[in-house]
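# What the coordinates show
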Amino acid sequence: MKISIGSDHGGIHLKEVLKRHLSEREIEVDDVGTYTEESCDYPDIAIQVCRKVADGSSERGILVCGTGIGMSLAANKMKGIRAALCGDVFSATMSREHNNANVLCLGERVLGPGLATLILDAWLDTEFAGGRHERRVDKIMAIEK
Ligand code: RB5
């Protein structure tokens, strides 16, 4: 699996933790930035990650900012993206099982690295259940923007 990951300055430290964890799990990581602590605009990063997920060059995406909120707002404006902002393991699991989320959004200023890593693992290891959930997800994807 290849995953694209990105953060703004508010998420750069958690991004590094998650990158290390993904590498330990032997998952290919594509880091689109940001690469410094200099202030930047999270929508620019969200667009880069989501384009790769939408065109299939990455299977899934991870976006980190201070709260995860800005990233999730931006990501869910992009065609083909189902971004889930998760602050707990149950939501991360359900975002895959019921919603087939293809982008995970996390807040560095909200979560400690340990919980964020557990959330990531749950999100990576849970498959979409399909069935009635597929019909519902299809309805989401058919909503015109
Ligand atoms: C940046 O200060 C902060 O606004 C950003 O990281 C994010 O939390 C926005 O939703």
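Whatever comes next refers back to the structure up there.
Summarised in this report is the structure supplied together with it. Since the structure is predicted, the reported quantities are computational estimates derived from the model, not experimental observations.

### Let's talk about a positive patch on the surface
Together, Arg-132, Arg-135, Arg-136 and Lys-139 make up a positively charged patch on the protein surface. Along the polypeptide, Lys-139 turns up in helix α6 (residues 132-141).

### A look at the site of the ligand
In the vicinity of the ligand, the contacting residues are Asp-8, His-9, Tyr-42, Cys-65, Gly-66, Thr-67, Gly-70 and Arg-109. Between the ligand and Gly-66 there is a distance of 2.8 Å, counted from an oxygen atom to a backbone nitrogen or oxygen. Contact distances for the ligand include 3.0 Å between an oxygen atom and a backbone N or O atom of Thr-67. Expressed as a share of its isolated accessible area of 300 Å², the protein-covered part of the ligand is 72%.

### Here we look at the sheet that holds strand β1 (residues 2-7)
Read across the sheet, five strands follow the order β2-β1-β3-β5-β4 without closing on themselves; strand pairing throughout is parallel. The strands lining the two open edges of the sheet, one partner per strand, are β2 (28-31) and β4 (83-85). Within this sheet the neighbouring strands show an average axis-to-axis angle of 25°, counted without direction. Alignment of β1 against β2, held across four bridges, turns out to be parallel. Counterpart to Ile-3 in the pairing with β2 is Val-29. Across the sheet, helix α1 (residues 12-24) touches β1, β2, β3 (60-65) and β5 (103-107), and the angle it forms with β1 is around 165°. Lying over the sheet, helix α5 (residues 113-125) contacts β1, β3 and β5, oriented at roughly 170° with respect to β5.

### With respect to the packing of aromatic side chains
For the structure shown, the criterion picks out zero aromatic pairs. In this arrangement the basic side chain of Arg-60 is found over the ring face of Trp-123, its NZ or CZ atom lying 4.8 Å from the centre.

### Some thoughts on α1
Between the first and last C-alpha of α1 there are 19 Å, a value that for 13 residues agrees with the 18 Å anticipated at 1.5 Å per step. Those residues of α1 that fall on the buried side of the exposure criterion are Ile-12, Leu-14, Lys-15, Leu-18, Lys-19, His-21 and Leu-22. Against the buried residues of α1 lie β1, β2, β3, β5 and α5. Looking one or two residues beyond α1, the residue adopting positive phi is Glu-26, at roughly 60°.

### Some points on the side chain of Asn-100
With respect to the helices, strands and loops of the structure, Asn-100 is situated in the loop between α4 (89-97) and β5. Within the structure, the side chain of Asn-100 is placed 3.0 Å from the side chain of Arg-96, a separation counted as a polar contact. Apart from the residues lying within four places of it in its own chain, the contact partners of Asn-100 are Arg-82, Ser-95 and Phe-128.

### Here we look at the pairing of β5
Where burial is concerned, most of β5 is hidden: five out of the five residues are buried. Judged by which residues are buried, β5 turns out to be covered on both faces: Val-103, Cys-105 and Gly-107 on one side and Leu-104 and Leu-106 on the other are all buried. With respect to chirality, the unit in which β4 leads through α4 into the neighbouring parallel β5 is right-handed.

### Details of the pattern of salt bridges
Here the structure, examined in full by the defined rule, presents seven salt bridges. The closest approach of N and O atoms between Asp-121 and Arg-25, which form a salt bridge, is 2.8 Å. One end of the pair, Asp-121, is in helix α5; the other, Arg-25, is in the loop between α1 and β2, with 96 residues separating them in the sequence. By relative accessible area, which is 32% here, Arg-25 ends up partly exposed.

Conventions we followed
- Residues numbered from 1 in each chain as written.
- Predicted model: local features only at pLDDT ≥ 70, side-chain atom pairs only at ≥ 80, totals over all residues.
- Heavy atoms only, no water.
- Patch = residues over 30% accessible without salt bridge, like charges linked within 9 Å, V, L, I, M, F, W, Y side chains within 5 Å.
- Areas by Shrake-Rupley, 256 points an atom, 1.4 Å probe, with all protein chains shown as cover.
- Salt bridge = Lys/Arg side-chain N within 4 Å of Asp/Glu carboxyl O.
- Lys, Arg positive; Asp, Glu negative; His and termini not counted.
- Charge placed at Lys NZ, Arg CZ, Asp CG, Glu CD.
- Helix = DSSP H or I, 4+ residues; strand = E, 2+ residues; numbered from the N terminus.
- Near = heavy atom within 4 Å.
- Polar contact = N/O pair within 3.5 Å; in protein donor to acceptor, adjacent residues only side chain to side chain.
- Pairing = 2+ DSSP bridges.
- Axes fitted to C-alpha atoms, helices over the stretch in contact; angles between N-to-C directions.
- Contact = heavy atoms within 4.5 Å.
- Phe/Tyr/Trp six-rings, centres within 6.5 Å; stacked < 30°, edge-to-face > 60°.
- Lys NZ or Arg CZ within 6 Å of the ring centre and 35° of its normal.
- Expected span 1.5 Å × (residues − 1).
- Buried < 20%, exposed > 50% of the residue type's maximum accessible area, 1.4 Å probe, protein only.
- Right-handed = clockwise from strand over helix to strand, strands pointing away.

So yeah, pure geometry; function would need other evidence.
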